[in-house]
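Listed below are the residues making up each chain.
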Amino acid sequence: MDMDIANPTEESVMLRAMVRDFVDESVEPQAHDHDKHERFNIELLKSMGDMGLLGITASEEYGGAGLDAIAAVIVHEELSASDPGFALAYLAHSMLFVNNLEFNGNVEQKERIMPKVCSGEWIAAMAMSEPDAGTDVLGISTTAQQNADGNWILNGRKMWITNGCLDDEGTPADIVWVYAKTGTDDRGRAQISTFLVENGMSGYTVGQKIMDKTGMRGSNTAELVFEDCIVPKENLVGGIGESMIHMMRNLEIERLTLAAMSLGIARRSLEEMNKYASDREAFGKPIRKFGQIQRYIGESYAKYRAMRSYIYDTANNMQLGKSGQRLDSDGVKLFATTAAKEIADAAIQVMGGFGYVAEYTVERLWRDSKLLEIGGGTIESHQKNITRDLIGWSE
Ligand SMILES: Cc1cc2nc3c(=O)[nH]c(=O)nc-3n(C[C@H](O)[C@H](O)[C@H](O)COP(=O)(O)OP(=O)(O)OC[C@H]3O[C@@H](n4cnc5c(N)ncnc54)[C@H](O)[C@@H]3O)c2cc1C
């Protein structure tokens, strides 16, 4: 039997088939409309709870599916081949929140919260970025101070938060994983701690739903405001000052699944341009006969295959909840995000005027692809991390 790095087991073949059916039936028909109207399809995301996909990497005892990094990559690739905006909302919920809770939360927090986020009763978000700090995590200015009864008072603003608001009426995420400054460490650097803020806690509101994004318009992006927001002591994750550990445990799967989203964009763009190049004739022959079109298709195919191999190789070697694979999670995201943007661009070029309008999908994929070079770490941050990690390296 042929070895397929992207479908290594019977289980992965079945998972991919199930998600593809769901995408064909329910995701693809709504993608264009939700992009056009900048609307997040919350009901569709919630429905993924019934399929066991919202807690894909969470333990079965808390309502998750207990699956691995390969499974997470498959789901993100398949969703993104149709609707990257929707896939981003899924990623924010299932990776940035649920996977984080799985590997960093305590038993009480998991027992209380996990069933709600795995079923889709609650939609979740993760808030690290701020108006004045993104890449520079230690530069955040949201603060948390403990009061006399041990609870925490949060003050500050978070920016660009996917799923931060659930609708156009300012309903905030049901629960949000928040990083806040709780002091300075022995070396004088910001000490960051992690809090679980739930809708209904006083002082937690949506500042604005961010409109007119280039792409990813099927997901909601919001500014969140914490104004003397009271967070009970039970909602501190781990110990004070442990956020760096939490980030390290989660960043690798975040970056890998963002790369998987790029893979879905690349695959779909390639499919569309390849089909079009057979159907479209110019000067009496299909345009795929022209050398310059062959260059777009040939180079896109080779890039797509390289992305696919690197992404699934990294997924096959990734142990969830453990750090140590940063070199390749940075590497796949660095390579795949730009490759996807280039392949979507090639697709528009091959499809001429039709490529430039929404009916043919690739212009949406092209717009969506750009975000992946920025969110979850900019490509510049990956270049820096990789170079730092390669000191003394030889194969
Ligand atoms: C649609 C969308 C969804 C998002 N979702 C979330 C979310 O759910 N949760 C969340 O917390 N955040 C989210 N983000 C924020 C995203 O992660 C940040 O935009 C990203 O980390 C970059 O931060 P920044 O925008 O502040 O840019 P900056 O960090 O200010 O960077 C600006 C430029 O400077 C470069 N730069 C910065 N530092 C260096 C350096 N040391 N060396 C070289 N170059 C450098 C950057 O690479 C970039 O080119 C989202 C953003 C968008 C647009």
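Residues numbered from 1 in each chain as written. Predicted model: local features only at pLDDT ≥ 70, side-chain atom pairs only at ≥ 80, totals over all residues.

Enquirer: Explain the overall build of the protein to me, using residue names and the numbers behind them.
Expert: Helix and strand content of the protein: 10 helices and 10 strands. Against the globule reference of 21 Å for 395 residues, the protein gives a C-alpha radius of gyration of 21 Å, in line with a compact fold. In terms of overall dimensions, the protein has a C-alpha envelope of 80 × 50 × 40 Å along the principal axes. Relative to its 395 residues, the protein shows a buried fraction of 50%. Considering only contacts within the protein whose residues lie at least 6 apart along the sequence, 76% involve residues at least 24 apart. (Helix = DSSP H or I, 4+ residues; strand = E, 2+ residues; numbered from the N terminus. Rg over C-alpha atoms; globule rule 2.2 N^0.38 Å. Buried ≥ 20, exposed ≤ 12 C-beta atoms within 10 Å, placed from the backbone. Contact = placed C-beta atoms within 7 Å.)

Enquirer: I'd love a proper account of the site of the ligand, names of residues and values included.
Expert: For the ligand, the set of nearby residues contains 23 residues, the closest of which are G134, T135, W160, T378 and E380. Elements that contribute at least two residues to the shell around the ligand include exactly α4 (84-104), β1 (124-127), β3 (152-162) and α10 (379-389). Residue composition of the shell around the ligand, grouped by class: 11 nonpolar, nine polar and three charged. There are two domains that each give the shell around the ligand at least three residues, and those are domain 2 (124-241) and domain 3 (244-389). (Near = placed C-beta within 6 Å. Nonpolar A, V, L, I, M, F, W, Y, C, P; charged D, E, K, R; others polar. Domains from an automatic or database assignment.)

Enquirer: Explain the packing of helix α7 (residues 291-317) against helix α8 (residues 326-355) to me, and be specific about the residues and the numbers.
Expert: Two elements in contact, α7 and α8, have axes separated by 9 Å at closest approach and are oriented at 155 degrees. With respect to each other, α7 and α8 are oriented roughly antiparallel. Judged by the sense of rotation from one axis to the other, the crossing of α7 with α8 is left-handed. Contacts between α7 and α8 pair I293, Y296, I297, S300, K303, Y304, M307, Y310, I311 and T314 from the former with D328, S329, V332, F335, A336, A339, E342, I343, A346, Q349 and V350 from the latter. When grouped by side-chain class, the residues that make up the contact of α7 with α8 number 14 nonpolar, four polar and three charged. (Axes fitted to C-alpha atoms, helices over the stretch in contact; angles between N-to-C directions. Parallel < 35°, antiparallel > 145°, perpendicular 65-115°, else oblique. Left-handed = near helix turned anticlockwise from the far one by under 90°.)

Enquirer: Give a detailed account of unusual backbone geometry, specifying residues and quantitative values.
Expert: The backbone phi angle of W160 is positive, close to 70 degrees, even though this residue is not glycine. Turning to its location among the elements, W160 is positioned in strand β3. Judged by the 20 C-beta atoms lying within 10 Å of it, W160 is buried. The phi dihedral of T361 is positive, around 70 degrees, even though this residue is not glycine. By C-beta crowding, T361 is classed as buried, having 23 other C-beta atoms within 10 Å.

Enquirer: So what's going on with the nonpolar core? Residues and values would help.
Expert: Formed by 117 residues in total, the largest nonpolar core has its most connected members in V176, F195 and I311. Considering every element that reaches this core, the biggest residue donor is helix α6 (residues 243-279), with 13 residues. Setting aside its immediate chain neighbours within four residues, V176 contacts A124, A125, M126, A127, V197 and L224. (Core = buried A, V, L, I, M, F, W, Y, C linked by C-beta atoms within 7 Å.)

Enquirer: Before we move on, can you summarise α4 with the specific residues and values?
Expert: Of all the bends in α4, the largest measures some 30 degrees and sits at L91. The buried fraction of α4 is high, at 20 of 21 residues. (Bend = angle between axes of the 7 residues up to and from the residue.)

Enquirer: Got a sec to walk through the pairing of strand β2 (residues 143-146)? Specific residues and values, please.
Expert: Sheet analysis places β2 next to β3, joined by four bridges and oriented antiparallel. Residue pairing for β3: Q146 is matched across the bridge by W152. Counted along the chain from β2 to the antiparallel partner β3, the turn is five residues long, and its residue G150 has a positive phi close to 90 degrees. (Pairing = 2+ DSSP bridges.)

Enquirer: Quick one: what's the story with the domain arrangement of the protein, residue by residue and with numbers?
Expert: Split into domains, the protein comes out as domain 1 (10-119), domain 2 (124-241) and domain 3 (244-389). The partner domain 3 presents nine residues to the eight residues of domain 2 that form the contact.

Enquirer: Which residues make up the environment of R20, and what values do they have?
Expert: Its location among the elements puts R20 in helix α1 (residues 10-36). Sequence separation of R20 and E78 is 58 residues, and the distance between their C-alpha atoms is 6.3 Å.

Enquirer: Explain α8 residue by residue, including any values.
Expert: An α-helix turns once every 3.6 residues. As a result, residues three or four positions apart point the same way. Taking 1.5 Å of rise per residue, the 30 residues of α8 would be expected to cover 44 Å, yet its terminal C-alpha atoms sit only 36 Å apart, more than 12% below that figure. A bend of about 65 degrees at Q349 is the largest found in α8. (Expected span 1.5 Å × (residues − 1).)

Enquirer: Could you give me a rundown of the packing of α4 against helix α5 (residues 107-119), with the residues and numbers involved?
Expert: The description of two packed helices rests on the angle between their axes and on the distance between the axes. For the pair α4 and α5, the least separation of the axes is 10 Å and the interaxial angle reads 150 degrees. With respect to α5, the element α4 is oriented roughly antiparallel. For the pair α4 and α5, the sense of crossing is left-handed. On the side of α4, the interface is formed by F97, V98 and L101, while α5 contributes Q109, K110, I113, M114, V117 and C118. Along the lines of polarity and charge, the residues of the contact of α4 with α5 split into seven nonpolar, one polar and one charged.

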